[in-house]
Amino acid sequence: MKDPVKFRIKIMSLAIHYDSTFDGFLSAVFEIYRQHLDVSCFVAERTYEAEHEAASDLFAQPFHVETSEDSANRLKRAITKAASKDVLNLLETCFRSEDANIEMNILAYLRKLFAGLDPNYGRNPSSLEMIPLITIARSVRREMDNMYGMVRFNKAPDGMYIAEIEPKYDILEMIVGHFRCRYPNGTWAIIDVKRGFGVYYENYRTHFVTVPDPSYISAHAPPDEFTRMWKSYYDTMAIKERLNPRLLRRCLPVRYWKHLPERSLSNYSAKNIGNVVPPQLPSEVAKSNASASIRLK
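Novice: Sorry, what's going on with the packing of helix H5 (residues 102-115) against helix H6 (residues 130-148) here?
Specialist: The relative placement of two packed helices is expressed as an angle between their axes plus a distance between the axes. Where H5 meets H6, the axes come as close as 10 Å, and the angle between the chain directions of the two elements is 135°. What the angle tells us is that H5 and H6 run oblique. Between H5 and H6 lies a crossing of left-handed hand. Counting all contacts with H5, which are made through Ile-102, Asn-105, Ile-106 and Tyr-109, the residues of H6 involved are Met-130, Leu-133 and Ile-136. In terms of residue class, the contact of H5 with H6 is made up of six nonpolar, one polar and no charged.

Novice: Where do I start with H5 in this structure?
Specialist: Along an α-helix, a turn takes 3.6 residues, which lines up residues three or four apart on a common side. Given a rise of 1.5 Å per residue, 14 residues ought to cover 20 Å, and the 20 Å separating the end C-alpha atoms of H5 matches this to within 8%. Buried residues along H5 sit against strand E1 (14-18), helix H2 (22-35), strand E2 (39-44), helix H3 (69-82), helix H4 (85-95) and H6. Once H5 finishes, Gly-116 follows within two positions and takes phi at roughly 75°, a positive value.

Novice: Would you mind going over unusual backbone geometry with me for this structure?
Specialist: It is generally the case that most residues other than glycine have a negative phi and that most peptide bonds are trans. Of note, Ser-20 is a non-glycine position whose phi angle comes to about 80°, a positive value. According to the relative accessible area criterion, Ser-20 is partly exposed, its value standing at 21%. The phi dihedral of His-36 falls on the positive side, at around 55°, and the residue is not glycine. Judged by relative accessible area, His-36 falls into the exposed class, the value being 72%.

Novice: I'm lost on the sheet that holds E1 in this one. Help?
Specialist: Strand pairing in a sheet is mediated by backbone hydrogen bonds. Such pairs are either parallel or antiparallel. Spatial ordering of the open sheet is given by E2-E1-E3, a layout of three strands whose pairing is parallel. Because the sheet does not close on itself, it has two edges, and the strands there are E2 and strand E3 (61-64). When strand polarity is set aside, the average angle formed by the axes of neighbouring strands in this sheet is 30°. Bridge count between E1 and E2: five bridges; the pairing is parallel.

Novice: Any chance you could explain a nonpolar patch on the surface here in plain terms?
Specialist: A cluster of nonpolar residues, Trp-230, Tyr-233 and Met-237, forms a patch on the protein surface that exposes about 340 Å² of accessible area. Position of Met-237 among the secondary structure elements: in helix H9 (residues 225-237). By relative accessible area, Met-237 is classed as exposed at 52%.

Novice: Please clarify how the packing of aromatic side chains should be interpreted in this entry.
Specialist: Think of a pair of aromatic rings as described by two things: how far the centres are apart, and how the planes are tilted against each other in angle. In this structure the tally under the stated criterion is 15 aromatic pairs. Taking the centre distance of 5.9 Å and the plane angle of 85° together, the rings of Tyr-33 and Phe-114 count as edge-to-face. Of the two residues, Tyr-33 is situated in helix H2 and Phe-114 in helix H5; the sequence distance between them amounts to 81 residues. Of the residues examined, Phe-114 reaches a relative accessible area of 29% and is grouped as partly exposed. Here the aromatic residues Tyr-18, Phe-22, Phe-25, Phe-42 and Phe-95 are joined through ring pairs into a cluster of three or more.

Novice: Just to check I follow, could you spell out the pattern of salt bridges for this structure?
Specialist: When their charged atoms lie close together, side chains carrying opposite charge are able to pair. Counting across every chain of the model gives twelve salt bridges. For Lys-76, the salt bridge identified is with Asp-23, shortest N-O distance 3.0 Å. Of the two residues, Lys-76 sits in helix H3 while Asp-23 sits in helix H2, which places them 53 residues apart along the sequence. Look at Asp-23 and you get partly exposed, because its relative accessible area is 25%. Put simply, Glu-98 and Arg-195 hold a salt bridge, and the shortest N to O gap is 3.3 Å. Here Glu-98 is found in the loop between H4 and H5, whereas its partner Arg-195 is found in the loop between strand E6 (188-192) and strand E7 (197-202), with 97 residues between them in sequence. For Glu-98, a relative accessible area of 4% puts it in the buried group.

Novice: Explain empty space enclosed by the protein here, please?
Specialist: Empty space among the atoms becomes apparent when a probe as large as a water molecule is rolled across them. Per the stated rule, a full pass over the model turns up two cavities of 30 Å³ or more. In this structure, the largest cavity spans a volume of roughly 70 Å³. Every residue lining the largest cavity is listed: Met-147, Met-150, Glu-164, Ile-165, Glu-166, Arg-255, Tyr-256, His-259 and Leu-260. When grouped by side-chain class, the residues that make up the lining of the largest cavity number five nonpolar, one polar and three charged.

Calculation notes
- Residues numbered from 1 in each chain as written.
- Predicted model: local features only at pLDDT ≥ 70, side-chain atom pairs only at ≥ 80, totals over all residues.
- Heavy atoms only, no water.
- Axes fitted to C-alpha atoms, helices over the stretch in contact; angles between N-to-C directions.
- Helix = DSSP H or I, 4+ residues; strand = E, 2+ residues; numbered from the N terminus.
- Parallel < 35°, antiparallel > 145°, perpendicular 65-115°, else oblique.
- Left-handed = near helix turned anticlockwise from the far one by under 90°.
- Contact = heavy atoms within 4.5 Å.
- Nonpolar A, V, L, I, M, F, W, Y, C, P; charged D, E, K, R; others polar.
- Expected span 1.5 Å × (residues − 1).
- Buried < 20%, exposed > 50% of the residue type's maximum accessible area, 1.4 Å probe, protein only.
- Pairing = 2+ DSSP bridges.
- Patch = residues over 30% accessible without salt bridge, like charges linked within 9 Å, V, L, I, M, F, W, Y side chains within 5 Å.
- Areas by Shrake-Rupley, 256 points an atom, 1.4 Å probe, with all protein chains shown as cover.
- Salt bridge = Lys/Arg side-chain N within 4 Å of Asp/Glu carboxyl O.
- Phe/Tyr/Trp six-rings, centres within 6.5 Å; stacked < 30°, edge-to-face > 60°.
- 1 Å grid on protein atoms, 1.4 Å probe; cavity = no way out; pocket = protein on both sides within 12 Å on 5 of 7 lines; lining within 4 Å.
- Points joined across faces, edges and corners; volume = space filled by probe spheres on them.

So this is what it looks like as structure tokens:
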């Protein structure tokens, strides 16, 4: 016969629901320690389907945790003190992977870190809990480096520059700083069409906004003259006799091609490009979303 105490603990294991942000996850971890919760899995409440969504435990009791900036900051300070600022950045980078069970992997590392059994554990990159995290972080950072060169801005009729991306990982917030430094005086927006999320930059201020219908922006933002000139230059410089599709796919994965004008121009042709009159400019959509932005940096 099973021990009734153990059976009761198993029944009360929890599925932690949070808002899918890193601060939301840290708030959940804070509550796990504060309330001594028995956790079986995490459930990120996303508005889209992640590429590697973890299967939730059907027998776990749902437990929702609201995001608390104070709790998240306290945990960040504790991680920095027990390990380092670099470790905290690595954990956030891993979290951006949206990998299946990434929350449980990070929680396992934090439990070992805060157990205090090894004072040098936080500075040990070869621990069993840290090795898989380093591997995941390396993949996310590689995607970030690739995305720096894959963003293609298109000029809207009102002068705003708009780019659409569809990265494998949730890295938009991590690459915004690069474009802020590169285009500090411009007005631009980068939209993650996969996640319905974007950044709008104007007057040295960055607004993170939700984009309910990313397809609307692309449908009413035809390629501008510079885009067509770049496409023409790319086609002119190409040497057909030296084309190597296999090498091209290896150096430039096909999943990036959708938003690269040199690989595929949109359905707008040079003849009808001037006849398209959008009912509402994409910049107006971004500005309206900015007024209800999630947070302001």
